[in-house]
Structure formats: structure tokens, C-alpha cells
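Structural overview
For reference, the chains in residue letters:
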Amino acid sequence: MITPRIPRPNIHQFDFIVIGSGVAGLFAALHLAERGRVAVITKDALTESNTEYAQGGIAVALGEEDSPEDHARDTLEAGAGLCSPEAVEILTREGPGAVEELMRLGMRFDREGGELVRGREAAHGRRRILHASGDETGHEVVRSLSRRAQVHPSITVFEHTWMTDLLVVEGRCVGCDAMVHGEEERVRFVSSAIILASGGLGQIYAVTTNPLVTTGDGMAAAWRAGCRLMDMEFIQFHPTALYHEGSPKFLISEAVRGEGAVLRNGAGDRFMPSHHPLGDLAPRDVVARAVFAEMRSDGRDFVELDFSSIPLERFLSRFPGIVGELRRRGFDIYSERIPVAPAAHYAMAGIASDLQCRTDLPGLLAIGECACIGLHGANRLASNSILEGLVFGVRAAQLAPTLPRLSYEELGVAAELAPPPVRVGAPAIRPELQRLMQQCAGMERNEEDLREAREQVATWARGIATVPAASREEAEAANMVTIARLALEAALTRTESRGAHYRLDFPAADEAWRRHLTLRADEAGEPVVGFTSVEAPAE
Ligand code: SIN
């Protein structure tokens, strides 16, 4: 591939730009590195992302007793009627090959007698979750991929470098502007193919399992650049985050219930069997709502997770990360039940993208949690997200080299473009916004609360200023306001309950609503609602 040079010190030109360094971004980058020079831009350390904290594992149909069809059936069932069947088919069919490749790249899954160990998690019809170091799967994924990326001669990693905006020239994405932590000067990255893999938005909630970096930056930038966002009302709450002070909340993996732990209410009674035939292994949205209901009826801020049915030796060896963290926090795992409560965990929401990872903006692809291809529907099946990052990371890497190359003239225009101003909000908005979203757009919503929150967020949105340079915190605050506003808009518009979106004023699912809701910015930047079908979500 011939790469023309642009002699400007603060301009980097690459064949491919990957924004974000979770599993999707790193896997895509390693594939793209076989085809050209890749920049990986990440706003914190290379290893800091949602992937790093994933405990449960990777759901994948490997071996003769399982099949992609069975995995697909469970995924569709959990997704509450809103999964794109084609996306699910791709995930489950291409998943085994992607996981085998991950192993070739150095991923060490847990084995017994040489055989891969398979765990069970909620709503899976069988044991199919591969895990590593017991409950440190995400850490092992990041370890194996980041090491390779760091030493690959075709990959340059830009850490602590946060994107301020995507660059658009004549309706095409040609790169992005960024700032480096602690530096005043803007940096420009120019390329024919930009892959957004910037992760989720959990930080718009006060109670979340997501690390501090998950502020929806990629979604907000794509929105400003004219892309549609989709399914913004569907934000998944994990039922069992450890109940403790501080943020983010420590996750207690669903794999614990897969091994036999059960939930108990204030009276010490099991309650899941009365909520769903699968009991403690019901789909995540069902368990989270049941936990919430029990908390309310008990007048407590948590329920309890009882590990006593898991033999101690097994518990210690299977969940070393959880055991270690509980001990550090002073819990006696031998005699206590552990207090847990739901926490915002995963965005089914994201940038509307097709099965090739194309967004509405030519030149811009989106993968992983920042993208929405309709794969997870209204409620993601446990441990499908790392698999999504792998499968669609490969797909993006296959498509990117086929995108039209920028001409010398276009590269020149991209290089000379005046830097778009940085949008900033006051960092003090962040905790207020988190509290508001938790209160008004959490696990249960209603029109009055959503309207009130939308009004407040719109006021903050009017206060967003544009400046030549800014801190990461200021830019994150603006992105969080943008994303929260869109999540509220979508939640208000969908007048039914489905999966993770539960409206107290519309408690039933409505067949007429079995479609995706999209939002697009009008000329004034106001959201315009659209709809697309479950079968062809991004069209
Ligand atoms: C968990 O380990 O319970 C989380 C897995 C996931 O979010 O898929």
C-alpha cells in the first residue's frame, strides 16, 4: 500500500485508524496490521477498557455437544424479539473461528485434563462459556492482545490521547482530531478508514460496573458527524454488582450463579424461582428487575448472594478474582452472604452499523459496544460481548482495506482543515447527571421522570461551550450530556416494555414496537426519531 506523506508535525497519517483499545479495537488493529500501518488511539492506558474488567468469559459454541444454532437460539431468546437474526447468525457461526484465532494469538483459557472448561451463565441452555484464570477472562484477553499490539511493527499506539471530533470532508470521514493528556496542542490523524471501537456509556449512571473511561465519546462524536444512533433506550443493568460505596461497582459474575449460587431476599428466602422458570439463571433483565422489586419490598438497598451450595475449594479456585476483592473489602466469604444490587453494565445502544460494520458516514466503521447492529436486541445474552468484539473486529478489518483510498488532494484538504472547536461541559455536571439518570432513567422509567430529566439535560446541553482546547474531563462532560439526552429521548419515545427498557406506565411488550428506534440530528442538532426493521436494522 503506498502511503503519501504529509509534512506537518502535528498531523499523523495512517492507512487505518482504530479509536479505542478494548477487545474489538485491538483485535481489529492486529488484523489490519497485516495490510498497512495502523494507529491505535486510546484516551487512557492501552489496557483500560470495559474488556479488562470482564469476568464471566466468552460464550462460544465449540465442541460436538454444542452448536452455533443452539447458541443463536439462546441469544435470540434473551434479546426479547429485537435481535437481528442475521447478526446473531454471523456471531454464532463465525465465533468459533475467531476464538480459535484468539488462542493462537496467546489467549490461555482454563483447561482441565487438557480440555477447555466451559462455564454456565444466565439464559444459556448449556455450558458454553470459556473463561481464563477463573474469573479474569477480560484481563487475559487484554493481556494477550495488547502485548502483541505493542510490539507489532505496523501498529503505533497513542495512549492518553482522546478524540475531540471526527473529521468530515464532503460527506466522508477522513480522520479525527485529538488531544494528548497534559498537552495544549491538537493532534490530527488522517486516514481512508477510521474504525471506532470506543466502548460504552455506563458512566452516565451513578451506579455502574463500567470504568471511568466509558463516557460514550465515540457515540457522541459519530452523532455530531451525522450518524444515526440506534436503540439508545436499551441499557442493560447487571443484577449482581457488589453493594458498596464508590464507583465503579465491583461485578460479581453471573458465572457464580451458573455454578449454583442463589439470590435471597431480606427474609433469607430465594425469590427467583417465583419470577421465572429458569430461576436464578433467568435472562439478565428478568433477574435485575426481580432483584430491584425485592429490594423495594424489603426496603433495603441490596439483596444477598448465597454461595453456600458451591464447595469452598471449587469457589476459591473458580473465582479467585472475586474472592480476592471480597477479602480486600473485608467480607468473610466463609460465613457471610454477599450484598448485591443491580448496576448499569452494558449498552445495547450505539452507532447504527450494518453487518460489515459500516456506519452512515462513508469511511467510518464502528465495532464493539459503541456500535449497534441490532445483535443483542433488547437484552444482551451473558458473555456475548467479547465474542462480538472478536467477530466484528475481524469483519471491520476485512472491509477497511477495500474502502476507497483518499486522493492526494483529499489528503491535503483533510490536513489543512481548520480544527473544529472542542465541545466542553463543566466537569461538575458529571455527578449530577449520573444521579439524575440513575433516578429517572434507571431500571424502571415513566413518562414524568423521563420528561423531567430530559428538561434538565437539555439545560446542560445549552450550556455546552466550544473552545480551541480543553481537558479530557471537560470533553467527557459534554459527551455524557449528549448521550444522556439521546438515551432519554429514546426511552420516552418507546411506549412499551421490552428487555432492559421497562416503562412503569407501559409495562407490557407491544408487537407494534418490535422495531429499532433510531435518532438522527437535524440541522440544529436536535434528535429526529426514525424506525428500522428487526430484519434489516441499519437500513
Ligand atoms: C458476568 O460475568 O456476569 C458479566 C458477563 C457479561 O457481561 O457478559
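This write-up is about the structure you can find in this document. In this text the structure is predicted, and so the values were computed from the model without any measurement. (Residues numbered from 1 in each chain as written. Predicted model: local features only at pLDDT ≥ 70, side-chain atom pairs only at ≥ 80, totals over all residues. Heavy atoms only, no water.)

Turning to the environment of Arg 498, a few remarks are in order. You can see Arg 498 is positioned in the loop between helix 14 (472-493) and strand 24 (516-521). Residue Arg 498 is classed as buried on the basis of its relative accessible area of 7%. Distance in space between the C-alpha atoms of Arg 498 and Val 481 is 25 Å, their sequence separation being 17 residues. Setting aside chain neighbours within four positions, we find Arg 498 in contact with Ala 80, Gly 81, Leu 82, Phe 234, Ala 378, Ala 509, Asp 510, Glu 511, Trp 513 and Arg 514. At 2.7 Å, the side chain of Arg 498 forms a polar contact with the side chain of Glu 496. Within the local environment of Arg 498, its side chain forms a polar contact with the backbone oxygen of Asp 510, the two atoms lying 3.2 Å apart. (Helix = DSSP H or I, 4+ residues; strand = E, 2+ residues; numbered from the N terminus. Buried < 20%, exposed > 50% of the residue type's maximum accessible area, 1.4 Å probe, protein only. Contact = heavy atoms within 4.5 Å. Polar contact = N/O pair within 3.5 Å; in protein donor to acceptor, adjacent residues only side chain to side chain.)

Here we take up the site of the ligand. Taken together, Gln 55, Gly 56, His 238, Leu 251, Ser 253, Glu 254, Arg 284, His 345, Arg 380, Ala 382 and Ser 383 make up the full set of residues adjacent to the ligand. Side-chain polar atom of His 345 to an oxygen atom of the ligand: 2.7 Å apart, as the coordinates give it. Here the ligand loses 95% of its free accessible area of 260 Å² to cover by the protein chains. Here the residues of the shell around the ligand are counted per class, giving 2 nonpolar, 6 polar and 3 charged. (Near = heavy atom within 4 Å. Areas by Shrake-Rupley, 256 points an atom, 1.4 Å probe, with all protein chains shown as cover. Nonpolar A, V, L, I, M, F, W, Y, C, P; charged D, E, K, R; others polar.)

In total, this model carries 0 disulfides according to the counting rule given. Just so you know, Cys 173 is unpaired, no disulfide at all, and the nearest cysteine sulfur is the one on Cys 176, 7.7 Å from it. Free cysteine: Cys 370, not disulfide-bonded; nearest cysteine sulfur from Cys 357 at 10 Å. (Disulfide = S-S within 2.5 Å.)

Scope: geometric values only; no functional claims are made or implied.
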